[in-house]
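Spelled out from the first residue to the last, the chains are:
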Amino acid sequence: MYYLKGDNMRPYILVLFDGLGLAAEGFRREGFHTVGVELNPEAHALARVLLDHNGRNRGTLINENVLNIHKHVLTNCLAIWCSPPCQTHSAARTQGAPLGDYSTDFMDWSHDLLQQFPDKPIYIENVTRYGKELNKWGTLYNAAQFGTNQNRNRIVGGRYPEPISTHPYKKWYTLKGHPVCPAVTATEYKGCASDTRRASRFYKGKLSLSEMAYHMDLIEHPDDMELINKFLVARPISSYTPAMWKHEVCRAIGNGVPVRMAQAFAKSFRACNYSI
C-alpha cells in the first residue's frame, strides 16, 4: 500500500491514471498541488519531466497501480480526477488492439468512487464512444470550447462544478473563420492520410512532437523544442531505441487531456472557494 507522508500531505487534487500528467498540469496552473498516480513507468517518467520542467513545487508523482493506493490518499484529497484506460471503447480507435498496463475495465471502479466518497468532487473523464446511448453517463465537452486549437471531444461525468467555456458545446468548431484541426491522436507519428478525424490528415502530413504538444496546450509555440528535447533524453536506453522512444512520447502526448480543458475545470473548482 502507498501512503502520503510529510510535505505530501498538503491539500491536493488526486489524479488517477495520470499518464503524462496533462490534467494535473491544468490544475497546477490554477495553483493547486496535485498527486498523480500512474502505473506505466514510461508515462510516469515523462510526467516527472513535465513537472520538473515547469519549475513548480506543486506536484507529487506515484508510480503505482491505483488499487494499491491506501484509502487515506483518496479520503484526504480535495477532489479526484479520474481518467481510466479507454482504448477499448474509443470511437477514434483504428490502430488495432488496445495497449496498456491495465487488463480490466476501470470505468465501473471509477464510478464506484462516487458512492464511496459522496461529499467529494469527482471528475471521471473518458473518450466518446460509438452510439449515443453509450455517452449519456456524463457531459460532452470539446477542448475547442476552452481555447484549445483542436476538436477533441471528451465526456466528463461524476460530481463537480461546471466549467465556464468561451463557446457552447459543438462536436466540430470553426473559430474566427478558421477551421480547428481534428483530435491529435497517439499515432500522429505514423500519419493518417486516409482518416479525416486526425490532425495529420488536416495538416496534410505527420505532426512533429512539438506540434502535438502545442495542440495539447503543453507549449505556447509549435517550434518550441525545449520540453520535447527533455522528453527525448528521458529515454530508458536499455529498453528503447531513439525511434521507439519517440513513438512512446507521441503516444503519451496523444492520449492526454488538453491542459486548457483541465484548467477550465480547475478554475470553476477554485471559484467555489475550495482552498489551495
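Residues numbered from 1 in each chain as written. Predicted model: local features only at pLDDT ≥ 70, side-chain atom pairs only at ≥ 80, totals over all residues. Heavy atoms only, no water.

## Some points on the overall build of the chain
Here is step 1: Along the chain, the regular secondary structure elements total 9 helices and 9 strands.
Here is step 2: Within the chain, buried positions represent 51% of all 276 residues.
Here is step 3: When contacts within the chain are restricted to residue pairs at least 6 apart in sequence, long-range pairs at least 24 apart make up 66% of them.
Here is step 4: For the chain, the exposed surface amounts to about 12800 Å²; the carbon and sulfur share of it is 52%. (Helix = DSSP H or I, 4+ residues; strand = E, 2+ residues; numbered from the N terminus. Buried < 20%, exposed > 50% of the residue type's maximum accessible area, 1.4 Å probe, protein only. Contact = heavy atoms within 4.5 Å. Areas by Shrake-Rupley, 256 points an atom, 1.4 Å probe, with all protein chains shown as cover.)

## Some remarks on the pattern of salt bridges
Here is step 1: A complete count under the given rule lists 8 salt bridges for this structure.
Here is step 2: Linking E248 and R251 is a salt bridge whose minimum nitrogen-to-oxygen distance equals 3.0 Å. Here the residue E248 and the residue R251 both occupy positions in helix α8 (residues 242-254), the gap between them amounting to 3 residues, near one helical turn.
Here is step 3: Overall, the relative accessible area of 12% leaves E248 in the buried class.
Here is step 4: Connected via shared salt-bridge partners are E25, R28 and R29. (Salt bridge = Lys/Arg side-chain N within 4 Å of Asp/Glu carboxyl O.)

## Looking at helix α2 (residues 41-53)
Here is step 1: If you check α2, its first and last C-alpha atoms are 18 Å apart, about what 13 residues at 1.5 Å a residue would give, namely 18 Å.
Here is step 2: Considered for burial, the residues of α2 that qualify are E42, A43, H44, L46, A47, V49, L50 and L51.
Here is step 3: In this structure, the buried residues of α2 make contact with α1 (22-28), β3 (59-62), α7 (226-233) and α8.
Here is step 4: Regarding α2, its N-cap is N40, as a side-chain oxygen of that residue lies 3.0 Å from the backbone nitrogen of E42 further along. (Expected span 1.5 Å × (residues − 1). Polar contact = N/O pair within 3.5 Å; in protein donor to acceptor, adjacent residues only side chain to side chain.)

## Overview of unusual backbone geometry
Here is step 1: For F17, which is not a glycine, the phi torsion comes out positive at approximately 60 degrees.
Here is step 2: Here F17 shows up in the loop between β1 (13-16) and α1.
Here is step 3: Residue F17 is classed as buried on the basis of its relative accessible area, which comes to 8%.
Here is step 4: The phi dihedral of D217 is positive, around 70 degrees, even though this residue is not glycine.
Here is step 5: In this structure, D217 sits in the loop between α6 (209-215) and α7.
Here is step 6: A relative accessible area of 4% places D217 in the buried class.

## Re the pairing of strand β7 (residues 153-159)
Here is step 1: Here β7 lies mainly inside the structure; 5 of its 7 residues are buried.
Here is step 2: As judged from the 6 bridges shared by strand β5 (residues 122-127) and β7, these two strands associate in the antiparallel manner. Residue Y123 lies in a different strand from β7, and its bridge partner there is G158.
Here is step 3: As paired elements, strand β6 (residues 139-142) and β7 share 4 bridges and run antiparallel to each other. By the bridge assignment, N142 is partnered in β7 with N153. (Pairing = 2+ DSSP bridges.)

## Here we look at the packing of aromatic side chains
Here is step 1: Counted according to the given criterion, the structure contains 16 aromatic pairs.
Here is step 2: Between the aromatic rings of F17 and F106, the centroid separation amounts to 5.3 Å while the plane-to-plane angle is 70 degrees, which identifies the pairing as edge-to-face. Taken as a pair, F17 in the loop between β1 and α1 and F106 in the loop between β4 (79-82) and α4 (107-116) lie far apart in primary sequence, 89 residues in all. Accessibility classification places F17 together with F106 in one group, the buried group.
Here is step 3: The rings of F27, F32, W81, Y123, Y141, F146, Y160, F265 and F269 are connected pair by pair, giving a single aromatic cluster. (Phe/Tyr/Trp six-rings, centres within 6.5 Å; stacked < 30°, edge-to-face > 60°.)

## Let's talk about the confidence of the model for the chain
Here is step 1: Residue-level pLDDT values for the chain average 84, and 81% of them are 70 or greater.
Here is step 2: Between residues 89-103, whose pLDDT stays under 50, and residues either more than four places distant or in other chains, the model counts 34 contacts. (pLDDT = per-residue confidence, 0-100.)

## Notes on the environment of R154
Here is step 1: Note on placement: R154 falls in strand β7.
Here is step 2: The exposure class of R154 is buried, given its relative accessible area of 11%.
Here is step 3: As for R154 and G138, which are separated by 16 residues in sequence, their C-alpha atoms are 9.4 Å apart.
Here is step 4: Within the structure, R154 has its side chain in polar contact with the side chain of E125 (distance 3.0 Å).

## Description of the sheet that holds strand β2 (residues 34-37)
Here is step 1: Across the sheet, which stays open at both edges, the 7 strands sit in the order β3-β2-β1-β4-β5-β7-β6 with mixed pairing between neighbours. Edge strands, defined here as strands with exactly one partner in the open sheet, are β3 and β6. Across this sheet, the average inter-strand angle for adjacent strands is 20 degrees, counted without regard to direction.
Here is step 2: Relative to the sheet, α4 contacts β1, β4, β5 and β7, its axis offset from that of β5 by approximately 160 degrees. (Axes fitted to C-alpha atoms, helices over the stretch in contact; angles between N-to-C directions.)

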